[in-house]
Amino acid sequence: GEEVAQTPKHLVRGEGQKAKLYCAPIKGHSYVFWYQQVLKNEFKFLISFQNENVFDETGMPKERFSAKCLPNSPCSLEIQATKLEDSAVYFCASSQRTDTDTQYFGPGTRLTVL
Amino acid sequence: GENVEQHPSTLSVQEGDSAVIKCTYSDSASNYFPWYKQELGKGPQLIIDIRSNVGEKKDQRIAVTLNKTAKHFSLHITETQPEDSAVYFCAAGSHRGGSEKLVFGKGTKLTVNP
């Protein structure tokens, strides 16, 4: 598609439950990025992929967060055993190539952990 | 790692006035500087970007300047309109180590009063 698609728009989970978010990059884009935006507007980089390969995972809290980009499937970000501080808007972005190319953002998934 | 400072955090102007938002970055390897506009409940939308081989770029009412020596870049919006009201984010990216992640400033909430 011509836009980055993210589902669901909103997700509510009880503390300790699992949350799974999905992202479909723009068709033809090879790079996918996940960012977390917390209440104070701050963006935190989580992980990036080049096609199905992890490109940079330096921002990922390894214990509970995992992500995948499999061929012919939307990319996913999964949080096991959610905590209150995981409440945030999670954005996916895609870019065409690696040469600091423009990143186009999706509409985000708002995760609320109760 | 990279750190991006953005000022001011809030900016209120009258319709028709100009608005200027300033950012500084710390990593001299950064070579890509996009600006995003985020409206309430939406994902960041790229409005203009500049690369380190250029000092200034203009697109209609929006311009960005870059001073690599001082490590700062600015967004200028002229003839502001109420629909320019949003949160604006600057960001910095580099190709260091193959990572293309963007590091964001904390945002400027711009209000254009009719």
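As a convention, each chain's residues are numbered from 1 in the sequence order in which they are written. Numbering of ligands from 1 and lettering of chains from A proceed in the order in which they are written. For a predicted model such as this one, the threshold for reporting local features is a pLDDT of at least 70, and the threshold for listing and counting side-chain atom pairs is 80 or more; totals across whole chains, interfaces and linings nevertheless cover every residue. Values shown for side chains rest on all heavy atoms present in the structure; no hydrogens or waters enter the calculation.

Visitor: In this structure, what is going on with the overall build of chain A? I would like to understand it.
Guide: Counting secondary structure elements, chain A contains 0 helices and 11 strands. A run of H or I in DSSP counts as a helix once it spans at least four residues, and a run of E counts as a strand once it spans at least two, with each numbered from the N terminus. Traced from its N-terminal end to its C-terminal end, chain A shows the element sequence β-β-β-β-β-β-β-β-β-β-β. For 114 residues, the compact-globule estimate of 2.2 N^0.38 gives 13 Å, and the C-alpha radius of gyration of chain A, at 13 Å, lies within 12% of that figure. In terms of overall dimensions, chain A has a C-alpha envelope of 40 × 25 × 25 Å along the principal axes. When burial is assessed residue by residue, chain A has 46% of its 114 residues classed as buried. Residue contacts follow a heavy-atom distance rule, with two residues in contact if any of their heavy atoms lie within 4.5 Å. Within chain A, contacts between residues separated by at least 24 positions form 52% of all contacts whose residues are at least 6 apart in sequence. In this description, accessible areas are obtained by the Shrake-Rupley approach with a 1.4 Å probe, and a residue is regarded as covered only by the protein chains that are shown. Approximately 5900 Å² of chain A is accessible, and the part contributed by carbon and sulfur atoms is 49%. Positive charges come from Lys and Arg alone, negative charges from Asp and Glu alone, with His and the N- and C-terminal ends not counted. Lysine's charge is taken at NZ, arginine's at CZ, aspartate's at CG and glutamate's at CD. If the 13 positive side-chain charges of chain A are averaged to one point and the 13 negative ones to another, these points end up 6 Å apart. For the radius of gyration, the atoms used are the C-alpha atoms, and the globule rule reads 2.2 Å times the number of residues raised to 0.38. Note on classification: 1.4 Å probe, protein chains only; a residue is buried when its accessible area is under 20% of the maximum for its type, exposed when over 50%, partly exposed between these limits.

Visitor: Can you walk me through the confidence of the model for chain A in this structure?
Guide: Segments scoring low in pLDDT should not have their predicted coordinates read at a detailed level. Chain-level pLDDT for chain A is 92 on average; 96% of the residues reach the 70-or-more range. Confidence per residue, as judged by the predictor, is encoded in pLDDT with a range of 0 to 100. For chain A, the element scoring lowest by mean pLDDT is strand E6 (residues 53-56) of chain A, at 90; strand E3 (residues 19-24) of chain A scores highest, at 98.

Visitor: What is the right way to read the state of the cysteines from this model?
Guide: When the sulfur atoms of two cysteines come within 2.5 Å, that pair is taken as a disulfide. The full count for this structure, using the stated rule, is 3 disulfides over all chains. Note that Cys69(A) is cross-linked by a disulfide to Cys75(A), the S-S spacing being 2.0 Å. Because the sign of the S-S torsion sets the handedness, a value of about 110° for the bond joining Cys69(A) and Cys75(A) places this disulfide among the right-handed ones. Since its relative accessible area comes to 5%, Cys69(A) is described here as buried. Between Cys23(B) and Cys90(B) runs a disulfide, and the two sulfur atoms are separated by 1.9 Å. The S-S bond linking Cys23(B) to Cys90(B) shows a torsion near -100°; that makes this disulfide left-handed.

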